[in-house]
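Per-entry structural report
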Amino acid sequence: MPHDLHIVDVFAQERYTGNQLAVVETGGDLTGEEMQTVAREMDFSETTFVESRTDPYRVRIFTPEAEVPFAGHPTLGTAHVVRERVADGRPERVVLDLDVGAVPVESRERDGEETLWMTQQPPTFGETLAHDRLAAVLGLSADRLDTDWPVQVVSTGLPTVIVPLADREALTAIDLDREAYRGLTDDREAKLVHAFCPEPRSPDNDLAVRMFAPAYGVPEDPATGSANGCLAAYLARHAYLGSGVVDARVEQGYEIGRPSLLYLAATDRGHTVNVEVGGRVLEVVRGSLL
């Protein structure tokens, strides 16, 4: 039977920017293998499947290569579709039941526009890695990393390697070495490599980032809510922006022609860090999956 299909742009300031997402309303009648086949056909960074029509809404997330327990832009994009097309009365807050757990998403006004915000799972801070090793993965000389700050694995559901760079020139110069990437990630749960620098293009923004996850079939992602949630936790825990409280605008996707804007909020409370990530979601396509 046909299933309703929606395509949205997440973390977008206008249509055809941000990160594309396909959302399929299934009613729970597709197998995991069928969902994986559809995700491979869509060939976006992720495709999501809404399996229930009541809060909390059961949602599964697939990259072109594998199912993942959590991802940020699919969470916001799916919540938008749920609010607009599935739930009654366009609620201000919905809860998605993901494999990582319950993730609430709520609507707020930011900079005069409606944005959606997700509260991510409490972060865990993992191992620190050698700067020169990550430089090799990114195809950079070792001096292009900022050694004043650690390279660290952080997770709010999807483990990510956070890599501080010296400047935007280094960010632009990244040329991922696939062999070095495989050597780094093959024996680690962390498959996302998220590089950031303090030199955004726009003076309105605070940071510029790039994210790479070939292991999930994503050579480079235009806008990554999960990795930027990990970054928000990292920024707060290490007081990178001057304190343990983060309220930041982050730009991503310019190098691949999909400019994106993400809002990060985090507070280090000592025993844990509260993390929220927000952005705009714009509908692009409505149709049927045959």
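Note that the coordinates shown come from a computational prediction; the quantities given were computed from them, not determined experimentally. By convention here, each chain's residues receive numbers from 1 onward along its written sequence. Residue-level local features of this predicted model are given only where pLDDT is at least 70; pairs of side-chain atoms are given and counted only at 80 or more, and the full residue set underlies all totals for whole chains, interfaces and linings. Side-chain descriptors were evaluated using all non-hydrogen atoms of the structure, hydrogens and water having been removed beforehand.

Secondary structure elements are defined from DSSP: runs of H or I of at least 4 residues count as helices, runs of E of at least 2 residues count as strands, and each element is numbered from the N terminus. Relative to the helices and strands, Val-86 is located in helix α2 (residues 72–86). With a 1.4 Å probe rolled over the protein chains alone, any residue whose accessible area is under 20% of its type maximum counts as buried; one over 50% counts as exposed, and the rest are partly exposed. A residue is classified by how much of its surface remains accessible, and Val-86, at 9% relative accessible area, is buried. Taking the C-alpha atoms as reference points, Val-86 and Tyr-57, separated by 29 residues in sequence, lie 9.6 Å from one another.

Further remarks concern the side chain of Thr-185. In this fold, Thr-185 is placed in helix α5 (residues 178–185). Residues adjacent in sequence count toward polar contacts only when both atoms are side-chain atoms; beyond that, a polar contact is any pair of N or O atoms within 3.5 Å, and within protein one must be able to donate a hydrogen and the other to accept it. A distance of 2.9 Å separates the side chain of Thr-185 from the backbone oxygen of Tyr-181, its partner in a polar contact. Working rule for contacts: check all heavy atoms of both residues, and any pair within 4.5 Å makes them a contact. Setting aside chain neighbours within four positions, we find Thr-185 in contact with Ala-190 and Lys-191.

On to the environment of Ala-215, then. Counting through the fold element by element, Ala-215 comes out in the loop between β13 (207–213) and β14 (218–221). The class of Ala-215 is partly exposed, set by a relative accessible area of 39%. If near-sequence neighbours (up to four positions away) are discounted, Ala-215 is found in contact with Glu-65, Tyr-181 and Lys-191.

With respect to the helices and strands, the residue Glu-92 is situated in the loop between α2 and β6 (93–98). The exposure class assigned to Glu-92 is partly exposed, which follows from its relative accessible area of 48%. Measuring from C-alpha to C-alpha, the distance between Glu-92 and Glu-106 comes to 5.6 Å, with 14 residues separating the pair along the chain. Once you skip the residues sitting within four places of it in the chain, Glu-92 turns out to touch Arg-83, Val-105, Glu-106 and Ser-107.

The subject of this paragraph is the pairing of strand β15 (residues 245–252). For β15, a buried count of 6 out of 8 residues is recorded, marking the element as mostly surrounded by other parts of the structure. Any two strands are treated as partners once DSSP identifies two or more bridges connecting them. Taken together, the 3 bridges between β13 and β15 define a ladder with parallel strand orientation. Pairing of Leu-207 across the sheet is with Val-250, part of β15. Of the pairings in the sheet, the one linking β15 to strand β16 (residues 260–268) comprises 8 bridges and is antiparallel in character. Across the sheet, Val-250 pairs through a bridge with Leu-262, a residue of β16.

This paragraph deals with the packing of aromatic side chains. To describe a pair of aromatic rings, you give the distance between the ring centres and the angle between the ring planes. Aromatic rings from Phe, Tyr and Trp, taking only the six-membered ring of Trp, are treated as a pair when their centres fall within 6.5 Å; an angle between ring planes under 30 degrees marks them as stacked, one over 60 as edge-to-face, and anything in between as tilted. Following the criterion strictly, the structure yields 5 aromatic pairs and no others. A ring pair is formed by Phe-196 and Tyr-234, whose centres lie 5.7 Å apart and whose planes are at 75°; its orientation type is edge-to-face. Residue Phe-196 is located in strand β12 (residues 192–197), and its partner Tyr-234 is located in helix α6 (residues 225–237); the two are separated by 38 residues in the primary sequence. Each member of the pair Phe-196 and Tyr-234 is classed as buried. Here the aromatic residues Trp-149, Phe-196, Tyr-234 and Tyr-240 are joined through ring pairs into a cluster of three or more.

On to α6. Every helix has an expected span of 1.5 Å times one less than the residues it contains. Here α6 is 13 residues long and its end C-alpha atoms lie 18 Å apart, about the 18 Å a rise of 1.5 Å per residue gives. All buried positions along α6 are accounted for by Gly-225, Ser-226, Ala-227, Asn-228, Gly-229, Cys-230, Leu-231, Ala-232, Ala-233, Tyr-234, Leu-235 and Ala-236. One or two residues past the end of α6 sits Ala-239, with phi positive at roughly 50°.

For salt bridges, the criterion is a side-chain nitrogen of Lys or Arg within 4 Å of an Asp or Glu carboxyl oxygen. This model, assessed by the stated rule, comprises 25 salt bridges. The partner of Arg-286 in a salt bridge is Glu-283, with the nearest N and O atoms 3.2 Å apart.

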